[in-house]
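Structure at a glance
Spelled out, the chains give:
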Amino acid sequence: MPFASTTRNVRLGLSSLAAHKLRSGLTTLGIVFGVASVICMLAIGEGLSYEAREQIKRLGSNNIILRSAKPPQEPGAGGAAMHRVLQYGLTYADVERIATVVPGVQVIVPTREIRKDVWFHGRRVDSTIVGTVPWYPSITNRRLLAGRFLTTLDMREAANVCVLSSALARELSGLWNPLHDMVKLGTEPYKVVGILESAGVGTGEGFEGLPQTERQVCIPLTAARLRFGELIVDQQAGSMSMERVELHGAIVRVSESDHVLKTAEVIESLLKSFHEKQDYEMIVPLQLLLEKERVKRLYNMVLGLMAAISLLVGGIGIMNIMLASVSERTSEIGIRRAVGAKRGDVLAQFLTETVLLSGFGGLVGILLGVGMPRLITRLTGMSTLVTAWSVLLAFGISALVGLIFGYYPARRAARMDPIVALRHE
Amino acid sequence: MNIVEASGLSKIHRMGEVSVAALQGVSLKVRSGEFVAVSGPSGSGKSTLLNLLGCLDTPTSGTYRLAGRDVSAMDDDALSEIRRDRIGFIFQSFNLIPQLSVVENIGLPLIYADVSASERRERARRLAETVGLAHRTAHRPAELSGGELQRVAIARALANDPVLILADEPTGNLDSRTGREIMALLQQLWRRGATLVVVTHEENIARQASRNIHLVDGRVERDTATAGAL
């Protein structure tokens with residue numbers, strides 16, 4: 001059997017590699033970088049999909065997020081639109097229709113968002129006022145840290161009560177607990193009845209077009225409608241534009257995750273039939289996840305190809321050096337054959353040596369490949385994730401490269417005519 | 001008992017269109033305990049004969065029985081085993097592995113016989129003593145003199161307790177005094193019962209053998225018993 005005396009071959013191989021430390025080291029560089037890049041690329045790919053999964057978790061995989069969007073301006077209407085009130089976006093009627101008509105909708109949470117300054121004891125913080133309904137925290141998975149959230153009674157009375165996001169509360173008051181105190185939203189005084197956790201699902205940190213949750217004040221939707229109106233005046237560089245928006249967004253929770261995409265389609269067609277213009281947009285986190293997975297697959301394919309090329313180059317380098325080694329040790333091969341080594345013994349000896357060489361390169365590559373993603377994360381902020389299976393895969397590949405590219409030189413050594421080899425000086 | 005029984009051994013090397021007969025119908029019997037010197041001009045087929053006797057090569061035609069076993073039709077693996085178990089080689093240029101120590105070089109054939117490391121070391125050490133190198137066991141070939149190198153090679157040839165020891169110009173790379181010492185060592189082996197076939201072109205070495213075979217153009221021209229060292 002050619003692989004009978006493995007330990008002997010391993011010892012032999014190690015001593016012969018140790019005899020040429022520099023050469024062995026340089027030879028393995030190709031494998032080192034190949035393996036490192038395999039791990040690195042998988043780490044980046046995994047990081048991408050981890051990030052996507054986290055974002056989706058934040059947005060809620062059962063959620064469908066609707067946002068009002070300013071419709072594209074009709075060409076030629078630019079001048080006239082200056083003094084006209086632009087009306088667009090989701091309406092209360094939309095929300096009502098979705099809640100009653102679309103099957104599978106568990107709950108729908110409409111929001112109005114108005115940028116206003118919040119005042120507290122002379123301190124001012126620019127923040128977003130969110131007019132919403134009592135079940136807002138549950139759909140976004142945000143915890144109430146103190147006090148209570150808005151109630152149906154607040155809604156009915158359009159009460160001047162508000163709930164601050166924890167980050168905003170900290171910024172406004174420092175060590176002072178603002179609970180049960182009064183804050184001013186613009187010019188209106190509101191009583192703080194609760195503190196809500198800043199981040200949650202459905203509130204899209206890092207998603208364009210979604211409101212930030214850091215500095216947020218929640219008030220009853222009815223109060224927002226009553227006190228702040230639906231007209232938003234925007235003064236910019238001397239020109240003035242007015243917009244009328246009933247609702248800025250709505251989060252729909254679908255009761256079964258299997259039906260999310262289908263429900264989204266139904267909502268889309270429903271909205272389409274009542275809106276002349278595309279003045280809303282729909283974000284389906286599940287769809288985003290699928291898209292990100294597709295991007296990741298593509299990315300993995302491209303980088304996988306690059307890693308494969310570098311492993312190929314590394315393998316060829318190893319083959320090259322092993323061929324040199326075989327011809328350099330021709331006389332040794334002759335001697336071994338003369339004293340009774342079979343072809344298989346010689347084959348196994350050189351093959352073992354190559355596998356050791358590439359395996360060693362693989363180990364160094366793994367160290368590098370585990371370290372590099374950390375560096376990438378630090379330098380670029382891209383999240384990376386080194387998984388155990390990627391390390392195993394990389395090591396397996398390096399050993400395989402050794403086997404494949406070691407076979408030809410080893411076979412050449414084994415096929416040598418012992419008489420010719422012995423005569424070789 | 002005949003160690004070597006060869007009849008009609010021929011070896012024809014094919015070089016493209018041309019065929020060169022290195023050996024043409026050599027028949028030869030070597031009894032156990034004989035010391036045979038093979039001489040002849042260069043190109044007479046001495047080395048080819050030695051390679052065939054040593055199972056490094058197979059004859060184009062003819063049969064060869066080594067210690068009773070027909071080896072002329074064996075495959076490469078079987079021939080390797082024969083070399084491993086029954087034959088000891090001594091070369092003109094010593095052919096030691098430079099990276100290995102004296103003991104490791106001596107023990108090399110035992111590796112392929114799957115002898116355990118400790119036993120290998122033990123046997124190699126005893127053989128080193130036999131050839132007078134007990135004080136050099138840990139050295140590498142580069143640190144030894146020519147005579148010492150050939151002693152290592154002889155010890156290696158003895159490692160597997162061979163039935164036949166083959167030497168190809170064993171003194172060819174040595175000065176005359178060292179050459180005499182090596183021949184004395186071979187004589188000593190012979191007296192203890194070893195069977196030797198030595199290829200040489202030196203008259204005084206051939207004279208030390210018990211039998212002289214003279215090859216010319218791949219044929220046995222003369223086969224004479226000599227007084228040898230007796």
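Scroll up for the structure.
Overview of the structure. The structure presented is a predicted model; accordingly, all values stated were derived computationally and were not measured. (Residues numbered from 1 in each chain as written. Chains lettered and ligands numbered in written order. Predicted model: local features only at pLDDT ≥ 70, side-chain atom pairs only at ≥ 80, totals over all residues. Heavy atoms only, no water.)

To continue, consider helix H9 (residues 260-274) of chain A. All names here are of chain A. Spanning 15 residues, H9 covers 21 Å between terminal C-alpha atoms, matching the ideal 21 Å at 1.5 Å per step. Buried within H9 are the following residues: Val260, Thr263, Ala264, Ile267, Leu270 and Leu271. Projected down its long axis, H9 carries its buried residues within an arc of 130 degrees, all on one side. Residues of H9 that are exposed and point over 90 degrees away from its buried face: Lys262, Glu265, Lys272 and Ser273. On its buried face, H9 is in contact with strand S1 (63-68), helix H4 (92-101), strand S3 (105-120), strand S12 (249-254), strand S13 (280-283) and helix H10 (285-328). (Helix = DSSP H or I, 4+ residues; strand = E, 2+ residues; numbered from the N terminus. Expected span 1.5 Å × (residues − 1). Buried < 20%, exposed > 50% of the residue type's maximum accessible area, 1.4 Å probe, protein only. Arc of directions from axis to C-beta. Contact = heavy atoms within 4.5 Å.)

Glancing now at the interface of chain B and chain A. At the junction of the two partners, chain B supplies 24 residues and chain A supplies 20 residues. Summed over both partners, the interface of chain B with chain A comes to about 2,000 Å²; 56% of that surface belongs to carbon and sulfur atoms. Among the residues of chain B in contact with chain A, Leu56(B), Asp76(B) and Tyr112(B) are the three that bury the most area, contributing 29% of the side total. One can count 3 salt bridges joining chain B with chain A. Residue Arg343(A) is joined to Asp76(B) by a salt bridge in which the shortest nitrogen-to-oxygen separation is 3.6 Å. Where chain B packs against chain A, one counts 5 residue pairs in polar contact (both at pLDDT 80 or more). Broken down by secondary-structure element, the contributors of at least two residues to the side of chain B that touches chain A are helix H2 (76-86) and helix H3 (102-112) of chain B. Per element, the largest residue contribution to the side of chain B that touches chain A is 6 residues, and it comes from H2(B). (Buried area = accessible area lost by both parts, 1.4 Å probe. Salt bridge = Lys/Arg side-chain N within 4 Å of Asp/Glu carboxyl O. Polar contact = N/O pair within 3.5 Å; in protein donor to acceptor, adjacent residues only side chain to side chain.)

This paragraph deals with the nonpolar core. Considering soluble globular proteins, one finds that nonpolar side chains tend to be buried as a cluster. Counting 70 residues, the largest nonpolar core has Leu49(B), Tyr64(B) and Leu66(B) as the members making the most contacts within it. Every residue in contact with Tyr64(B), bar those within four places of it in the chain, is listed here: Val4(B), Glu5(B), Ala6(B), Leu9(B), Leu52(B), Leu53(B), Cys55(B), Arg69(B), Asp70(B), Val71(B), Ser72(B) and Leu164(B). Judged by nonpolar contacts, the second largest core, of 43 residues, contains Phe149(A), Val252(A), Leu270(A) and Leu271(A). (Core = buried A, V, L, I, M, F, W, Y, C linked by side-chain atoms within 4.5 Å.)

A few words now on the environment of Ser310(A). Residues and elements named next belong to chain A. For Ser310, the location among the structural elements is in helix H10. Placed 273 residues apart in sequence, Ser310 and Ser37 show a C-alpha to C-alpha distance of 8.4 Å. Apart from residues lying up to four places away in sequence, Ser310 is in contact with Gly30, Phe33, Gly34 and Ser37.

Phi is positive for Asp114(B), close to 55 degrees, though the residue is something other than glycine. With a relative accessible area of 55%, Asp114(B) lands in the exposed category.

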